[in-house]
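Structure assessment
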Amino acid sequence: MTDRHGAGTALSMGRLSAALLAVALPVVAGCGQGGEAGRTPPPLPAASTPGGSGGSGAGTGAATGTETGPDGAATADATGRPRTLVRGLSVPWAIAFLPGGDALVTERESARLLRITPTGRVREAGVIEGVSASGEGGLLGVAVSPRYATDHHVFVYLTSGDDNRIVRYRYDGRLSERRVIVTGIPKGAIHNGGRLAFGPDGYLYASTGETGERGMAQDRNALGGKILRMTPDGRPAPGNPFGTLVWSYGHRNVQGLAWDERGHMYATEFGQNTYDEINLVEKGRNYGWPEVEGVGGRPEYADPLLTWSTDQASPSGLAYARGALWAAALRGERLWRVPVDGSGRAGRPTALYDGEYGRLRAVAAAPDGTLWVSTSNRDGRGSPRDGDDRILVVAAAAPPS
């Protein structure tokens, strides 16, 4: 985000009734850019890595819970070294797997939908029509129907000339039967949301941003600043709390969605100047933006499961694998591993690959148990390296007990 501050000094986790862990982080002057815009101060130069490593603390940060934990976030590399699967992509924004193990990958600005095999073969599935790529908009999320074997449906979230929208295609080696299923999602230069994912209930979820219009997040009649839940035809799913597409509200700009094996739903969210978040998302809850950033302790708003100071995260894609959430960080330039227990509470986070690959955008759990992680160094806010942008394959190790 163009208004990323380093003003926050604590990394904290927990829920309303849980003890929270606070980790001191260094204070950083100025702001970074993260594909995560909307902050008011001027940005740092592109590709800066503000702050220190996630493994060092500077003094004592202010806890955002009831308890203060040990200083310093763990940064040990416990997963083995990533390998580069594909090079030379252009802002790969989202990854979704087909049943056979190939992945569909969106490129935000080219509007290309790519098909990539586990051996690294790349071919173009198609160019998505109607994409207007500017600012943080373009071709964003992609999801594969859980009934793909019979319906061959894939879904994309895109920015058009007028709005953000969700489009369904039939894909059987080529794209056909285009159908726009949701229109009228507000668009802006910033905060377009864009993540798509099917939940374990078989319904399609979409994240939307408030486009910088802060009050929109609290308006339950507006589609911006929400998590939406729908049928494959784009209608409100049965059981939605307000009889509309809205599942939860009070969001600033949700960028990642994931579920654990018990059905708990999690979302990554860009904060303003102090705290980025992972939220445990529940039906009908209000997540507080713009009234609250981070932990507010007010019963009308759901407190986040975990917060970071903004220089450590700008959390984008999110996946669940082997007992942990894996969050890709844009400004933070690292992969966060966050163990979660059976009740959905978070344990001690671990920062992996700090600064080694630059900005990380998407993370998805592959059918073979690995994680696919995309870099985002060619999005205008990073410094492209030789081979960027790329997809990395990470062996997802179980978190320590």
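As the structure is a prediction and not an experimental result, all values here were calculated from the model. (Residues numbered from 1 in each chain as written. Predicted model: local features only at pLDDT ≥ 70, side-chain atom pairs only at ≥ 80, totals over all residues. Heavy atoms only, no water.)

1. Comments concerning the confidence of the model for the protein
- Looking at the protein, pLDDT values average 84 and 79% of them are 70 or higher.
- Overall, residues 1–35 carries pLDDT values under 50, and its contacts beyond four positions in sequence, including any with other chains, amount to 181 contacts. (pLDDT = per-residue confidence, 0-100. Contact = heavy atoms within 4.5 Å.)

2. Comments concerning the packing of aromatic side chains
- A full pass over the atoms with the stated rule returns 7 aromatic pairs.
- Where Y205 meets W247, the ring centres are 6.1 Å apart and the plane angle is 90°; that geometry is what we call edge-to-face. With Y205 in strand β15 (residues 204–207) and W247 in strand β17 (residues 246–249), the pair connects residues that are 42 residues apart, well separated along the chain. Of the two residues, Y205 and W247, both sit in the buried class.
- Considering the side-chain rings of Y353 and Y357, the 6.1 Å spacing of their centres and the 75° angle between planes classify their relative orientation as edge-to-face.
- Aromatic ring contacts, followed pair by pair, group Y205, W247 and W259 into a single cluster.
- Between the NZ or CZ atom of R252 and the centre of the ring of W289, over which it lies, the distance is 5.2 Å. (Phe/Tyr/Trp six-rings, centres within 6.5 Å; stacked < 30°, edge-to-face > 60°. Helix = DSSP H or I, 4+ residues; strand = E, 2+ residues; numbered from the N terminus. Buried < 20%, exposed > 50% of the residue type's maximum accessible area, 1.4 Å probe, protein only. Lys NZ or Arg CZ within 6 Å of the ring centre and 35° of its normal.)

3. Focus: the pairing of strand β21 (residues 306–309)
- Going residue by residue along β21, you find L306 and W308 tucked away on one face and T307 and S309 tucked away on the opposite face as well.
- Alignment of strand β20 (residues 275–281) against β21, held across 4 bridges, turns out to be antiparallel. Looking at β21, one finds that Y275 is bridged to S309. (Pairing = 2+ DSSP bridges.)

4. Digging into unusual backbone geometry
- With an omega of 5°, the peptide bond running from W289 to P290 counts as cis.
- Residue placement: P290 occurs in the loop between β20 and β21.
- Although it is not a glycine, T211 adopts a positive phi angle of roughly 55°.

5. Considerations on the pairing of strand β8 (residues 112–116)
- With respect to burial, β8 is a largely interior element, 4 of its 5 residues being buried.
- The antiparallel pairing of β8 with strand β9 (residues 122–127) creates a hairpin that spans 5 residues between the two strands, and G120 there sits at a positive phi of about 95°.

6. Observations concerning the pattern of salt bridges
- Under the counting rule described, the total for this entry stands at 21 salt bridges.
- Here R179 ties to D233 by a salt bridge, and the two come within 3.5 Å at their closest N and O atoms. Of the two residues, R179 is situated in strand β13 (residues 175–185) and D233 in the loop between β16 (226–230) and β17; the sequence distance between them amounts to 54 residues.
- Residue R334 is joined to D354 by a salt bridge in which the shortest nitrogen-to-oxygen separation is 3.4 Å. Here R334, found in the loop between β23 (324–329) and β24 (335–339), pairs with D354, found in the loop between β25 (350–352) and β26 (360–365); they are 20 residues apart in sequence, far enough to count as distant.
- Look at D354 and you get partly exposed, because its relative accessible area is 27%.
- Look at the salt bridges and you will find they share partners, linking R168, R179, D233 and R235 into a network. (Salt bridge = Lys/Arg side-chain N within 4 Å of Asp/Glu carboxyl O.)

7. Points about the environment of W308
- Residue placement: W308 occurs in strand β21.
- Placed 31 residues apart in sequence, W308 and E277 show a C-alpha to C-alpha distance of 6.4 Å.

8. Comments concerning the sheet that holds strand β28 (residues 391–395)
- Strands sit in the order β5-β28-β27-β26 across an open sheet of 4 strands; the sheet is antiparallel. Strands at the two margins of the open sheet, each flanked by one partner only, are β5 (83–86) and β26. On average, each strand axis in the sheet is tilted by 30° relative to the strand beside it, whichever way the strands run.
- In the sheet, β5 pairs with β28 via 3 bridges, with the strands oriented antiparallel. Residue R83 lies in a different strand from β28, and its bridge partner there is V393. (Axes fitted to C-alpha atoms, helices over the stretch in contact; angles between N-to-C directions.)

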